[in-house]
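# Report on the structure
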Amino acid sequence: MASPQQSAQAVATFLGRAGRLAVFAGLGGAALQAALYTVDAGERCVMYDRLQGVLPQPIGEGSHFRVPWLQSPNIMDIRTRPRTISSVTGTKDLQMVNISLRVLSKPDTEELPNIYKSLGLDWDERVLPSIGNEILKAVVAQYNAEQLLTQRDRVSRAVRDSLTARAKEFNILVDDIAITHLSFGTEFTKAVEAKQVAQQDAERARFVVLKADQERKAAVIRAEGESESARLISEATRAAGPGMIELRRIEAARDIASTLSKSGSVVYLPGGNSNMLLGINPTR
């Protein structure tokens, strides 16, 4: 049977070995953690090597190994990101305009090492505001203020084409461009409103003139119709002689007698026309 002293020594030896194992395990875990890195979805890694510099091939998504201290991973986002660029510039007719541009852009994945070397991780902050203002000023100067309002799609296409070509020089891909805000000075706004009011007044006056012209033509046509009707009646009367007039008189008297016969307040027709009231033909 072991003595208490021997038992204490055995326990101390075991604890020493366990401590050393724990230290080695901790150091191994720290070394493994330092040697591992993860690239998430929508990201790429640009590796900087202290011996070779920036490696030419970007590293894709997943977990990867590196040599601690010798290699440093730099994670870059390759997803499309929005940016708003605002500029105050002058038009072709020297009107000041405040214009805002929304740009959707992303880096060229194959050129990420060059982007990292020349621009760093904040490539969009370094490039897009400056070239965006440059393009906006150059394009807006080609149009007058009225064209900026009436030809907005054409202005957008011109800005998109110019900015896409300019950004490609920095290995930046432009997905979409949209003009989100466009405003002019107070004096120009008042001038536009006054012009619109004048155009509306001119249209109203033109309508009044057209209406008067149509009414005049209608009156002429009506008068010509009445004149033609009177002429035809006159010619018919001359052709028929006095008998036509006498016939018209008899027809008128018959209509009057028929109307009066339906009224309860009339009981007598003077002038010997009672036969006409009764519908009797005196010639029979």
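Here, every reference points to the structure presented above.
So, how was this worked out
- Residues numbered from 1 in each chain as written.
- Predicted model: local features only at pLDDT ≥ 70, side-chain atom pairs only at ≥ 80, totals over all residues.
- Heavy atoms only, no water.
- Helix = DSSP H or I, 4+ residues; strand = E, 2+ residues; numbered from the N terminus.
- Buried < 20%, exposed > 50% of the residue type's maximum accessible area, 1.4 Å probe, protein only.
- Contact = heavy atoms within 4.5 Å.
- Areas by Shrake-Rupley, 256 points an atom, 1.4 Å probe, with all protein chains shown as cover.
- Phe/Tyr/Trp six-rings, centres within 6.5 Å; stacked < 30°, edge-to-face > 60°.
- Lys NZ or Arg CZ within 6 Å of the ring centre and 35° of its normal.
- Core = buried A, V, L, I, M, F, W, Y, C linked by side-chain atoms within 4.5 Å.
- Pairing = 2+ DSSP bridges.
- Axes fitted to C-alpha atoms, helices over the stretch in contact; angles between N-to-C directions.

Here the focus is the overall build of the protein chain. In terms of helices and strands, the protein chain carries 8 helices and 8 strands. Expressed as a percentage of the 284 residues in the protein chain, the buried residues total 22%. Within the protein chain, contacts between residues at least 6 apart in sequence are counted, and of these 66% link residues at least 24 apart. Of the accessible surface of the protein chain, which amounts to about 19300 Å², a share of 57% is contributed by carbon and sulfur atoms.

With that out of the way, let us pick up the packing of aromatic side chains. All chains considered together, the criterion is met by 0 aromatic pairs. Just above the ring of Trp 69 sits the side chain of Arg 50; from NZ or CZ to the centre is 4.8 Å.

Here we take up the nonpolar core. Counting residues in hydrophobic clusters, the biggest one holds 34 residues, and the most contacted among them are Leu 101, Val 103, Leu 148, Val 155, Val 159, Leu 163 and Ile 177. Elements represented by at least two residues in this core include exactly strand 7 (96-107), helix 2 (112-118), helix 3 (123-140), helix 4 (145-150), helix 5 (152-168) and strand 8 (172-184). Considering every element that reaches this core, the biggest residue donor is helix 3, with 8 residues. Sequence-distant contacts of Leu 163, defined by excluding residues within four places in its chain, comprise Leu 101, Val 103, Ile 131, Gly 132, Ile 135, Val 174 and Ile 177. Counting 5 residues, the second largest nonpolar core, distinct from the first, contains Tyr 37, Val 39, Met 47 and Ile 59.

Looking now at the side chain of Thr 89. Residue placement: Thr 89 occurs in strand 6 (residues 81-90). Given a relative accessible area of 6%, Thr 89 falls into the buried group. In this structure Thr 89 touches Gln 95, Met 96, Val 97, Leu 136, Lys 137 and Val 140, once residues within four positions along its chain are discounted.

Counting buried residues in strand 2 (residues 43-49) gives 5 out of 7 residues, a clear majority hidden from the surface. Of the pairings in the sheet, the one linking strand 2 to strand 5 (residues 71-77) comprises 7 bridges and is antiparallel in character. Within the sheet, the bridge partner assigned to Asp 49 lies in strand 5 and is Gln 71. In this sheet, strand 3 (residues 53-54) lies alongside strand 2 in antiparallel orientation, the contact comprising 2 bridges. What sits directly across from Tyr 48, in strand 3, is Val 54. Linkage of strand 2 to strand 3, two consecutive antiparallel strands, is achieved through a turn of 3 residues.

Attention shifts here to the pairing of strand 7. Pairing of strand 6 with strand 7 involves 10 bridges; the strand directions are antiparallel. Bridging from a neighbouring strand, Ser 87 pairs with Ile 99 of strand 7. Taking the residues that link successive antiparallel strands as the turn, the strand 6-strand 7 hairpin has 5 residues, and the phi of Leu 94 there is positive, at about 65 degrees. As defined by bridge partners, strand 7 adjoins strand 8 across 11 bridges and the pair is classed as antiparallel. Among the inter-strand pairings, Ser 100 is bridged to a residue of strand 8, identified as His 181.

Turning our eyes to something else, we now look at the sheet that holds strand 3. Taking strand neighbours across the sheet as the criterion, the 3 strands line up as 3-2-5 in an open arrangement whose pairing is antiparallel. With one partner strand each, in any of the chains shown, strand 3 and strand 5 form the two edges of the open sheet.

The next subject is the sheet that holds strand 8. Read from one edge of the open sheet, 3 strands run 6-7-8, paired in antiparallel fashion. The open sheet has two free edges, formed respectively by strand 6 and strand 8, since each of these has just one partner strand. When the angles between neighbouring strand axes are averaged without regard to direction, this sheet yields 20 degrees. Helix 3 rests against strand 6, strand 7 and strand 8 of the sheet, and its axis sits at about 40 degrees to strand 6.

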